[in-house]
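# Residue-level structural notes
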Amino acid sequence: MEHETANVDLTRALAGVRVCDLSQGIAGPHATMLLAQFGAEVIKVEPPEGDWGRLLGTQAGDHCVHSWQYNLGKKSLALDLKKTEGKAALQRLVQTCDVFVESFRPGVAARLGFSYEDVKAVRPDVIYASVSGFGQSGPNSQRGTVDSLMQGFSGMMVMNSTAQGTPHRQNMVAVDVLTGVYLHSLLSTALHRRRIDGIGGFLDVSLMQAAAAFQSAKIAEFHASGGEPQAFYGPVGYLPTKDGAISISCRIPAHFETLCAVVERPQLALDARFDSLQGRVNNHEQLMECLSQATEHWETIRLLEALQAAGVLAERVQSYGQWLEDPHVRHRKAFRWQDAGALGILPLVELPGAESRDAQVVQAPSVDQDGEQILRSLGFSDQEIARTRPAPR
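### Let's talk about the overall build of the protein
Helix and strand content of the protein: 18 helices and eleven strands. Projected onto its principal axes, the C-alpha coordinates of the protein cover approximately 85 × 50 × 40 Å. The buried share of the protein, reckoned over its 393 residues, is 45%. Intrachain contacts of the protein at a sequence separation of at least 6 include 67% that bridge at least 24 residues. Accessible surface computed for the protein: about 20,600 Å², of which carbon and sulfur atoms make up 55%. Here the protein carries 36 positive and 44 negative side-chain charges, and the mean point of each set is 5 Å from the other.

### Brief notes about the nonpolar core
Judged by nonpolar contacts, the single largest core of 42 residues is most densely connected at Val99, Leu183 and Leu187. Those elements that place two or more of their residues in this core are α1 (27-37), β4 (99-102), β5 (127-132), α8 (174-197), β6 (201-206), α9 (207-214) and β11 (345-349). Once residues within four sequence positions are removed from consideration, leucine 183 is found in contact with Gly28, Ala31, Val101, Ala129, Val131 and Val205. Counting residues in hydrophobic clusters, the runner-up holds 25 residues, among them Leu81, Phe114, Tyr116 and Leu378.

### Quick word on the sheet that holds strand β7 (residues 236-241)
With antiparallel pairing, three strands are arranged side by side in an open sheet as β7-β8-β9. For this open sheet the edge positions go to β7 and β9 (313-316), each flanked by a neighbour on one side alone. Across the sheet, the axes of successive neighbouring strands diverge by a mean angle of 25°, strand direction being ignored. By the bridge criterion, four bridges tie strand β8 (residues 244-249) to β9 in an arrangement that is antiparallel. Looking at the pairing, serine 249 lines up with leucine 313 of β9.

### As for unusual backbone geometry
With an omega of 0°, the peptide bond running from glycine 234 to proline 235 counts as cis. Relative to the assigned elements, proline 235 resides in the loop between α10 (216-224) and β7. A positive phi angle is found at lysine 333, which is not glycine, with a value near 50°. Here lysine 333 is to be found in the loop between α16 (327-332) and β10 (335-339). In this structure lysine 333 comes out as exposed when scored by relative accessible area, which is 63%. Phi is positive for aspartate 368, which is not a glycine, with a value near 65°. In this structure, aspartate 368 sits in the loop between β11 and α17 (371-377). For aspartate 368, a relative accessible area of 9% puts it in the buried group.

What counts and how
Residues numbered from 1 in each chain as written. Predicted model: local features only at pLDDT ≥ 70, side-chain atom pairs only at ≥ 80, totals over all residues. Heavy atoms only, no water. Helix = DSSP H or I, 4+ residues; strand = E, 2+ residues; numbered from the N terminus. Buried < 20%, exposed > 50% of the residue type's maximum accessible area, 1.4 Å probe, protein only. Contact = heavy atoms within 4.5 Å. Areas by Shrake-Rupley, 256 points an atom, 1.4 Å probe, with all protein chains shown as cover. Lys, Arg positive; Asp, Glu negative; His and termini not counted. Charge placed at Lys NZ, Arg CZ, Asp CG, Glu CD. Core = buried A, V, L, I, M, F, W, Y, C linked by side-chain atoms within 4.5 Å. Pairing = 2+ DSSP bridges. Axes fitted to C-alpha atoms, helices over the stretch in contact; angles between N-to-C directions.

Structure, rendered in structure tokens:
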């Protein structure tokens, strides 16, 4: 019998926290979007033409899918920081903010007059985060970089090599997304510390360090193994079927023996190449080829039923479309269908463990959508607002 449990309601956990978000792209916006999902007021300060992250893929209105996803729950204020009026508006805004996030190249924020020291002078307890590719100092600090380059720089592409040994890029902005997760964790921790001692501080967060932190165990394993880390066990990974593929994991020797029996290749468990853990690791490619020749004749659902009934860990290899239709995903309400304006109705994946989000935090703003309201709340007159706001696009 299943028992219904109520998750801790975190939707207002950061209520009262105001965030000035000058970051663009994905890493910084992802972190601040997460703050917004937990109740923070996030003001997205972007140039009059909009965050360049709005151009990542096909656009509809002011958004692409990525900019919609990573700016949910925010307000938008467009300011031209090359102009005195734009700088004056930002200066007044930062006085009211608990958190300041920027993703310019190192040194740019200082040239604009909004370095950590500048912001701290008007908001002493501010939590200030700089997001960059390589960090605020060092030989590479002024290099421009993007997710795919950092996958190569960090060793991730080599670690994710194909069976033929070709380094392979993950076909998503993995480093950007995980950098946002790390930054959100740091900001949340810094906010908790500030509640205790009233002290803010500076966070230097880079894609380089986030990519390394994500792979820290593999980097240590590489060193410990003399540059030749081995798989933990085998067989593990992709096996083709007649109508798709499955993924298997046989860490326990008995599971390997059972797998061989189910696919009617019991001799593989007795083969001298595969009858020990080390043998299965050393000869993993050959083992998977032998198993593939057996599984490619099975229908996916029949093979899964047989393996799972026998206690072997196995799942279907699914596309995103299949995931959206999966009965377990639907039962868990792991996503909702959300109106995304000009983008149409999109699947919005729920945050793990925090599935209750209200309507306000599942909408993303157009450029300068909230500009007039924000400036008015800061005490700007109608004339000042007219001078400060960008001309209509």
